Each structure stands twice: as structure tokens, then as C-alpha cells.
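# Secondary and tertiary structure notes
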There are 2 protein chains.
Amino acid sequence: MSHTPLRTLITKHHRVLVVGGPGDKSRAAAKHYGFKEVLRPVDIIRSNPYICPHHRYTKQEIEQWGLPPEVSKVSVDGPERNEPIDSIMVFNDPRELFSDIQIIMDLLNSEYGLLGTKRLTKRSQPSIPIIFSNNDFYWANQFRLPRLGQGAVKIAINSLYEATNDGMPLQSLTLGKPYKVSYDYAHHILIDWREKLLTGNMESEACLPELNDPPLSSPFKNVYMVGDNPESDILGGNLYGWKTILVRTGVYKDGDFVVDPSLARPNFGIVDDVKDGVMKALKANGLV
Amino acid sequence: MSHTPLRTLITKHHRVLVVGGPGDKSRAAAKHYGFKEVLRPVDIIRSNPYICPHHRYTKQEIEQWGLPPEVSKVSVDGPERNEPIDSIMVFNDPRELFSDIQIIMDLLNSEYGLLGTKRLTKRSQPSIPIIFSNNDFYWANQFRLPRLGQGAVKIAINSLYEATNDGMPLQSLTLGKPYKVSYDYAHHILIDWREKLLTGNMESEACLPELNDPPLSSPFKNVYMVGDNPESDILGGNLYGWKTILVRTGVYKDGDFVVDPSLARPNFGIVDDVKDGVMKALKANGLV
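Residues numbered from 1 in each chain as written. Chains lettered and ligands numbered in written order. Predicted model: local features only at pLDDT ≥ 70, side-chain atom pairs only at ≥ 80, totals over all residues. Heavy atoms only, no water.

## What about the overall build of chain A?
Helices and strands together make up the secondary structure of chain A, namely ten helices and ten strands. By principal-axis analysis of the C-alpha atoms, chain A measures approximately 70 × 50 × 40 Å. Per-residue burial over chain A gives 50% buried out of 288 residues. In chain A, 58% of the contacts between residues at least 6 apart in sequence involve partners at least 24 apart. When the accessible surface of chain A is totalled, it reaches about 14,100 Å², and 55% of it is carbon and sulfur. Charged side chains of chain A number 33 positive and 34 negative; the gap between the two group centres comes to 3 Å. (Helix = DSSP H or I, 4+ residues; strand = E, 2+ residues; numbered from the N terminus. Buried < 20%, exposed > 50% of the residue type's maximum accessible area, 1.4 Å probe, protein only. Contact = heavy atoms within 4.5 Å. Areas by Shrake-Rupley, 256 points an atom, 1.4 Å probe, with all protein chains shown as cover. Lys, Arg positive; Asp, Glu negative; His and termini not counted. Charge placed at Lys NZ, Arg CZ, Asp CG, Glu CD.)

Here it is in C-alpha cells:
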């Protein structure tokens, strides 16, 4: 899951706005990660639909998904019942794009995350942090051409932020591969698992490092990573200094490096599937 | 209506995609303007929902609004039943923003407006023209802060076009004030009305000049324009060389020029309402 590293934020981000995904599912995911108060745009629209007059939520969806204003505390007309939001997390592609963008822009340019307010300063740093869970401009489905994804939404939001901040670019954080933050997190998890395997104590608390912090030391001489996507998995693994193995079962197809020589190449080889990749790594270390 | 000048396009734009507005209303508007084949994104989604997997149309809306594929001829899987689209017209704020943007991007980067194809060249000129009916970044409703409008959507589309065309900016046409194209059109209409009043023949065909063409000659020494918005009405009127009169009944409020000295000022005065403006112009010409 590209947003697993978000767990590391729960100590500082208490009240968060979660955007994207089908239905109301991303709220449950954020709760599962440990965030205390998880808001969604539909809660805000339930409180005051004029904030996003073009929204396409049905009455039923608003009733079913939206928290009542006394719970969500996002009344933008009565500031006394409004509470600031700590950060915005884009978990997945927005479905209600116009209302999602409107609320995101309102918060980025608000006074300290208080909906219904507008800060006077224009700057690169938004009023509250915004975190994107991945940066894929395209993704593939049954359609014959790739479809726009979260990376495209990020570009659109960036452009509107610049337009409202004298051309200054938006400072944001993006998780997912090929970003270092994801590999740091995975590295912490690997160290944690190793510790559990060695001690036999599988019930110990999962490690929760600060986001972006690499492990202080690593017990591993080599880490082998198997991935299917040269632009994310392999590029990120190479940059992080891991051994990378590319499989033929996913995004990568033989011939891709001929069509696009700029794609990142695996430094440990191309194999048919994950099992072949694991065997190749074990063999290189004399373990099989 | 900011899109009235679109009438001038009907001779060259036979089959158009119309985007934005509530329900399916913009289709009727485009038909009323004289466009022969008017498509909407919902027709394309009815033909192949995989083109916009995040759309939020209900089954009922697709049945009710979407044309059947044999009528719309937008089958993107069977090119033999697909027909190219001549241009894209954004009439009003999109409601289904993600699917609207996806289909717009598909067409701008298509081969000659044929959905399901992708051109190989990257350039500023899109495969088919895109026309925005206005450029307002914000508009006002009951909410305490202004809401994002069509100008914001245009910026988002521009940013995605640049991202898919090696950073080259999108060439597009924007109607509405303060753009010259709207004033040229209004000027033609004024000449036409004068002709009708002089000849008494009110039934003659409305003039349909080429878009962007000013009248070859004008019978008017002065044209007076009354408007409520310094940034659109007054700015455009001043640039076009008309006498501009600003009213206090709309967007403009006394004190606005103090807060924002860069706003365009009327060159013929500020009045309480439209009637006062008309009387002021008549008086200046000794007609009252």
C-alpha cells in the first residue's frame, strides 16, 4: 500500500482531511492507520453545500457518508463550532474532483487550516501540509489508452495553488515509489521484521519512525527488491542503493527499453516472475 | 450570454463536444445555437465507461442523458463506428470534472479528434480547437469566500496539456469579457439592430460574422457600454474604445478602487443603476 508510510504521521496529525477513493472507504483506511479525527469532503458539504455548489453527491450519499456538523465540527459559517484541520491526505484518485479541489484549495489558502477563512500571505508553504500517496500520472485499465491518475490531479492542484499565490509553487509531500520516503519506511519495516524473526516476539509494536528518516543503522549487507515497473519500483530501488530485479508479469514488457531508453534498468536482472527473482537472489548468496 | 458568439462557429464546427453546466442543459443550448451534432461526455461514457472509470453518473442519468452509441458514433473500441469531433466547447463550470478533464485531454491529444487514438506529435496546437466561454477564476454565491469557476478549470486543463506536450502551452480560445472577440460580436449585433430599425425589416437573418473579425465599418461615432464588473465589462470596453459606465448594483462596490487600484476604471463615470447610465449617455449627446 503506497500510503502505509502515513502511519508515521499519526502523532502530529490529529485531525485530517482524507480525499479520494470510491465511496467512503478511505475514511476507514485512515482510521485503521490510527488517525483520530478523519474528515472527508462530504462532511464539509453536509455542513454547508454552498462551499462546493457543483458537487454531485446525492442526498442519500450525504446522509450515509457525511458526519453531522456537531461531530465533524466543520461549520464554516459559525466559526465557534469550526475546528482547524491539521493536514490533507490524498489517498487515491478523487471521484468528486471539483468539490475535492475546491475544499483542498480553501484549506491550503486558509488561516491555519480553519475552513471559511482566507490567509493574507501568499507563499510556497501552504497553511497546512498536503500529502499525496502516489505520483502516477497515468494508470492502466481496460481502456485502450492509459487513464489520468493522482499525479495528474497533483499537477492540476499545483497549477491552481500557483495561480492563487503569485506563481509560487506548492510545497507538498508525495509518498509512493520512486520516492525515498517509501524506501526508508520499507527499510524500517524490514529491520523490524528481522528483529521479530530473531527474537520470536511477533507481537511487539510496529516501528513508527519519523517520515523521511532513514534507519540509523542497518543489519543488511544487501537488500533485493523485485518490481514490475521500471519508472517507480526499479528507479526508486536503484536510487536507494538496493539490488533491483524486474519481472515480466506486470507493467514492464520486453522491448520497453528499446522504445524508451530513458527507463530505469534493473541492476540485478530481468526475470519471468517473483519466484524466479527470489531464487536468483538466494543463489547469488549461496543459499540454494 | 457569454457564449452567444459561438453562433459564428456553426459553419465550420459541425460535430462538437459540449462540456459543463447542470444536467444535460448545455446540449440544448448548443443545439439552439445551431450546431448540428452536439455530444456530451455522458454520451461517450455510455459508449465505453472505461474511458472515465471515476465518473459519478448514475445509471439513470446515463440512460436519460446519454445518446445511444449508434447515434453518438463515439465507439472508441470499434473505430469503424467512431467519427471525429470538430471542437470542444466549455459552456459552463464542469460538474463531473474528472471525466470532463479526461475526455478533453483525450481529444486534445488525439489524432484529428478521433477518440481512442493518440497523436505522436507534441505541440501547442491541440488536435482540435478548445473554446472556453469565460475566464472567471472566481464567482460569488452564498458562501463567504468566492468559489472556483471556469477560469480555474482552464488553468488546470492548461497544466495537464503542458505536462503531456513537453511543457508547451495550450493554444485555446476564450470568449466572454474582457476579450475582444465578444466586443466584435456585440458590435456586429449593434450594427445589425440599427439596420433593422432603419429598414423596419425585423425578420431579416441575424448577422453571423467570422469569430474575431471586427466590422469592416461602423456607423457609430460613440458606443456607450454599461457594466457592473470593472475586471471584465469595463476593462474590455475601455480596451475596445467604447465609452464605459460603471453601475453600483452588481459586482462593483464603492471603495473597490481604493482596495485594488489596478482595477479598470470607467471612462464615462459611475452611476447608481442602468437607467442612470443610459440617461447620462443620452444627455451627453443632447438627446434629453
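## A word on unusual backbone geometry
In this structure, Tyr 112 of chain A is a non-glycine residue whose phi angle is positive, near 60°. A positive phi angle is found at Lys 73 of chain B, which is not glycine, with a value near 50°. Mapping Lys 73 of chain B onto the fold places it in the loop between helix H4 (69–72) and strand E3 (87–90). Residue classification places Lys 73 of chain B among the partly exposed residues on the basis of a relative accessible area of 29%.

## Re the nonpolar core
A general feature of soluble globular proteins is that nonpolar side chains tend to end up buried together. Residues Leu 17, Ile 88 and Leu 108 of chain A together with Leu 17, Ile 88 and Leu 108 of chain B are the most contacted members of the largest nonpolar core, which totals 76 residues. Sequence-distant contacts of Leu 17 of chain B, defined by excluding residues within four places in its chain, comprise Leu 39, Arg 40, Pro 41, Ile 44, Ile 85, Ser 87, Ile 88, Met 89, Ile 103 and Leu 107 of chain B. (Core = buried A, V, L, I, M, F, W, Y, C linked by side-chain atoms within 4.5 Å.)

## What to know about the domain arrangement of chain A
All names here are of chain A. Here chain A is partitioned into domain 1 (4–174), domain 2 (177–217) and domain 3 (221–288). The distance between the C-alpha centroids of domain 2 and domain 3 comes to 22 Å. Taken together, the nine residues of domain 2 in the interface contact ten residues of domain 3. Both sides together, the interface formed by domain 2 and domain 3 hides about 730 Å², and carbon and sulfur atoms give 70% of it. The three residues of domain 2 that bury the most area against domain 3 are Lys 177, Pro 178 and Tyr 183, which together make up 69% of that side's buried surface. Seen at the junction of domain 2 and domain 3, the total is zero salt bridges. Across the contact surface, domain 2 and domain 3 share five residue pairs in polar contact (both at pLDDT 80 or more). (Domains from an automatic or database assignment. Buried area = accessible area lost by both parts, 1.4 Å probe. Salt bridge = Lys/Arg side-chain N within 4 Å of Asp/Glu carboxyl O. Polar contact = N/O pair within 3.5 Å; in protein donor to acceptor, adjacent residues only side chain to side chain.)

## Regarding the sheet that holds strand E2 (residues 37–39) of chain A
Residues and elements named next belong to chain A. Ordered by their spatial adjacency, five strands build an open sheet running E2-E1-E3-E4-E7, and the pairing between neighbours is parallel. Of all strands in the sheet, those bounded by a partner on one side alone are E2 and strand E7 (173–174). Across the face of the sheet, helix H1 (residues 25–33) comes into contact with strand E1 (15–19) and E2 while running at roughly 160° to E2. (Pairing = 2+ DSSP bridges. Axes fitted to C-alpha atoms, helices over the stretch in contact; angles between N-to-C directions.)

## Some remarks on a nonpolar patch on the surface
The grouping of Met 279, Leu 287 and Val 288 of chain A at the surface amounts to a nonpolar patch, some 300 Å² of accessible area in total. With respect to the helices and strands, the residue Met 279 of chain A is situated in helix H10 (residues 274–284). (Patch = residues over 30% accessible without salt bridge, like charges linked within 9 Å, V, L, I, M, F, W, Y side chains within 5 Å.)

## Side note on the packing of aromatic side chains
Residue and element names in this part refer to chain A. By the definition in use, this model includes 16 aromatic pairs over all chains. Each ring, one from Tyr 33 and one from Phe 91, has its centre 6.0 Å from the other, and the planes form 55°; the classification is tilted. One end of the pair, Tyr 33, is in helix H1; the other, Phe 91, is in the loop between strand E3 (87–90) and helix H5 (97–108), with 58 residues separating them in the sequence. When its relative accessible area of 3% is taken as the criterion, Phe 91 is described as buried. With 5.1 Å between their ring centres and 70° between their planes, Tyr 224 and Phe 268 make a pair best called edge-to-face. Pair noted here: Tyr 224 is in strand E8 (residues 224–227) and Phe 268 is in the loop between helix H9 (256–259) and strand E10 (270–271), with a separation of 44 residues, a long-range link. Overall, Tyr 224 belongs to the partly exposed group, its relative accessible area being 25%. An aromatic cluster is defined as three or more aromatic residues linked by ring pairs; in this entry it consists of Tyr 183, Tyr 240 and Trp 242. (Phe/Tyr/Trp six-rings, centres within 6.5 Å; stacked < 30°, edge-to-face > 60°.)

## Observations concerning the interface of chain A and chain B
On the side of chain B, 43 residues touch chain A, which itself brings 43 residues to the contact. Each partner contributes to the roughly 4,000 Å² buried at the junction of chain A and chain B, and carbon and sulfur atoms together form 63% of this total. A per-residue breakdown of the area chain A buries against chain B is headed by Arg 56, Phe 98 and Leu 148 of chain A, which together make up 18% of the total. Measuring nitrogen to oxygen at the nearest pair gives 3.1 Å for the salt bridge that ties Glu 96 of chain B to Arg 56 of chain A.

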